[in-house]
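Analysis of the macromolecular model
Chain by chain, the residues:
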Amino acid sequence: MASSLTKDSASPGTPGTEKTFFGHPRGMATLFMTEMWERFSWYGMRGILVLYLIAGVLDGPLAGREALAASIYGVYNAVVYMAAMPGGWVADRLWGARKAVLVGGIVIAAGHFTLAIPADVAFFCGLGLIAIGTGLLKPNISAMVGGLYEGQPSARRDAGFTLFYMAINIGGMAAPLVVGYLGENVNWHLGFGVAGVGMTLAVIQYVLGGRHLGDIGKEPGTPASPEEKRAALRKVALWGGIAVVALVADLALGTYDIEHIVNVLAVLGIVVPIVYFVAMYRNPALAKSDKPKIQAFAWFFATAVLFWMIYDQSGSLLTIFADTKTDRMIGGWEFPASWYQSVNPAMVIVLAPIFAALWVKLARRDREPSTPMKFALAMLLIGGSFGIMGLAGAAAANSDTGKVTVFWLLSVYLVQTLGEMCLSPVGLSLSTKLAPKQFVGQIMGLWFLATATGNALNGWTTKLNAPLGDAVYYTMWAVIAVAAGLVFMVAGRKIRALMGDVR
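One structure accompanies this document, and this report is about it. Computed from a prediction, not measured in an experiment: that's the story for all the values here.

**What about the overall build of the protein?**
The helix and strand inventory of the protein stands at 18 helices and 5 strands. For 503 residues, the compact-globule estimate of 2.2 N^0.38 gives 23 Å, and the protein sits close to it at 22 Å. Along the first, second and third principal axes, the C-alpha atoms of the protein reach 65 × 55 × 45 Å. Classification of the 503 residues of the protein by burial places 55% in the buried group. For the protein, long-range pairs separated by at least 24 residues make up 81% of all intrachain contacts whose partners lie at least 6 apart in sequence. Roughly 20200 Å² of accessible area belongs to the protein as shown, and the carbon and sulfur atoms make up 68% of that amount. Within the protein, one finds 37 positive and 29 negative side-chain charges whose respective centroids are separated by 11 Å.

This is the structure in structure tokens:
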């Protein structure tokens, strides 16, 4: 994407004051391009992961077990976003965000290239590397975006995060078209390898453009003492050892099943954020004035969990629906099911600048919806999208061919995208505003942990699809989401009070 660089009238001391990127700080160009290529690698891999699992390429019991493949997909997404918590801690306490993003990018690239090796062990090792690297990169690059807008108006910060969100979706739109086609029609491992090329380009762009970021992220916000470092290392060794012992015991007893790992990680996805909220709230370093903001953030977190639980089924159950119950013929050619994963990012690219301009325009007129209202609207819309899916499931069941037209899924993705624009970029911006300065990286990690928890729940909830059937399953979640949106709307005044001076 070509940049738009013009003279900037920003205050002295702001990184990149001499030029702008579409009216935003010049450093945004570096972070924008880095995030775009990182998301290309992630969405490329994600677009073919479930299809790869159900294709029977791996040895063992996965072939033909679509429900388990969907569960593995959900729990793996959860692990990736759970890794954002230690990733945020590493940036806040050890390295600073700048170094954490660089190391994370290198590890992600190594993970994708490992996936390109045609061996089962390489496949799972590659997934592990991607999870570790993404945990280092995702929360900290977003925290650096927030640093570009230090001291600037809230609406401008929201607009900046919406622009940044476009980077995510440019990469997300291109990836399934390229990686999906190569994976489904040429070779799965070639597809994974191309995703690695995208991540390599992200690292190169980040290094070359680092001079435009000033001092943002160079130092940890609250450097850990030697004793704190040793304590953290002991905890990692302890819990890592427990995990290894449990796995070895399961294997030795002959009771091992991959669902055991799915279930354990699903439980962790729920327990970890609860423990972390309690620990942060009780932390002596947290000022009394910041505690209500943490309480407010807990409301947004819980709502985001349900939103992402529904939304991220697009890569599992909706991909399987596209593969088996949607007519994908164009003339005499059937396009890859993974291409549906490009629809939502393409819609975001169109809608993101419209929403960014809309929020700024409404703010100037003092008519911008409050953040709680935006979240409530997001829940109503995500519920509506699954209401459409319920109708699509019923239509497929009653069709002579067992398939429906492409317009059902296109409608679902449109409504989901409208909801996403009310929640995701706004939530990113909100997290940087509500976060106490010493916990910025960790609050960003918590925001991504909402996605982790939602996906962890998918490790269980997607299994309900088979016994309930599409129509009942999707309608059930539609009703729950709409009810949650109405509750959030009613609670909006209380939440705004907890937010204090944050708007």
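**So, the pattern of salt bridges**
Counted by the stated rule, this structure contains 10 salt bridges. R46 serves as the salt-bridge partner of D312, at 3.4 Å between the closest nitrogen and oxygen. Of this pair, D312 sits in the loop between α10 (291-311) and α11 (317-324) while R46 sits in helix α1 (residues 27-54), and the two are 266 residues apart along the sequence. No difference in accessibility class separates D312 from R46, as the two residues are buried. Ionic pairing is found between R230 and E227, a salt bridge with its closest N-O pair at 3.1 Å. Of this pair, R230 and E227 are both found in helix α8 (residues 226-252), 3 residues apart, which corresponds to roughly one turn of the helix. Among the residues examined, E227 registers a relative accessible area of 40% and is labelled partly exposed. Among the charged side chains, a salt-bridge network with shared partners connects E227, R230 and R234.

**Regarding helix α17 (residues 470-490)**
With 21 residues, α17 ought to run about 30 Å at 1.5 Å a step, and its terminal C-alpha atoms sit 31 Å apart, in line with that. Turning to α17, its buried residues number three or more, namely D470, Y473, Y474, W477, A478, A481, G485 and F488. Buried positions in α17, seen along its axis, are confined to an arc of 130 degrees and lie on one side of it. The outward face of α17, more than 90 degrees from its buried face, is lined by the exposed residues V479, V487 and V490.

**Observations concerning the packing of aromatic side chains**
The tally for this structure, following the rule as stated, stands at 22 aromatic pairs. Above the face of the Y281 ring, K291 is positioned so that its terminal group lies 5.1 Å from the ring centre.

Analysis parameters
- Starting afresh in each chain, residues are numbered from 1 along the sequence in its written order.
- A pLDDT threshold of at least 70 governs which residues receive local features in this predicted model, and a stricter bar of 80 or more applies before side-chain atom pairs are shown or counted, although totals over entire chains, interfaces and linings include all residues.
- Excluded from the side-chain calculation are hydrogens and water; included are all heavy atoms of the structure.
- Helix and strand assignments follow DSSP, with helices taken as H or I runs no shorter than four residues and strands as E runs no shorter than two, numbered in order from the N terminus.
- With the radius of gyration taken over C-alpha atoms, the globule rule is written as 2.2 Å times the number of residues to the power 0.38.
- A simple rule labels every residue: compare its accessible area, found with a 1.4 Å probe on the protein chains alone, to the largest value its type can have, and call it buried under 20%, exposed over 50%, or partly exposed in between.
- In what follows, a contact means two residues having at least one pair of non-hydrogen atoms within 4.5 Å.
- Only the protein chains shown count as cover for residues, and all accessible areas are computed by the Shrake-Rupley method using a 1.4 Å probe.
- Think of it this way: Lys and Arg go in the positive column, Asp and Glu in the negative one, and His and the chain ends go nowhere.
- Note that the charge is assigned to NZ on lysines, CZ on arginines, CG on aspartates and CD on glutamates.
- Salt bridges are defined as contacts in which a side-chain nitrogen from Lys or Arg sits within 4 Å of a carboxyl oxygen from Asp or Glu.
- The span one expects for a helix is its residue count, reduced by one, times 1.5 Å.
- It is the directions from the helix axis to the C-beta atoms whose arc is reported.
- Pairing of aromatic rings covers Phe, Tyr and the six-membered ring of Trp, with a centre-to-centre limit of 6.5 Å; geometry is then stacked below 30 degrees between planes, edge-to-face above 60, and tilted otherwise.
- A ring has a charge above it when a Lys NZ or an Arg CZ is no more than 6 Å from the ring centre and no more than 35 degrees off the ring normal.

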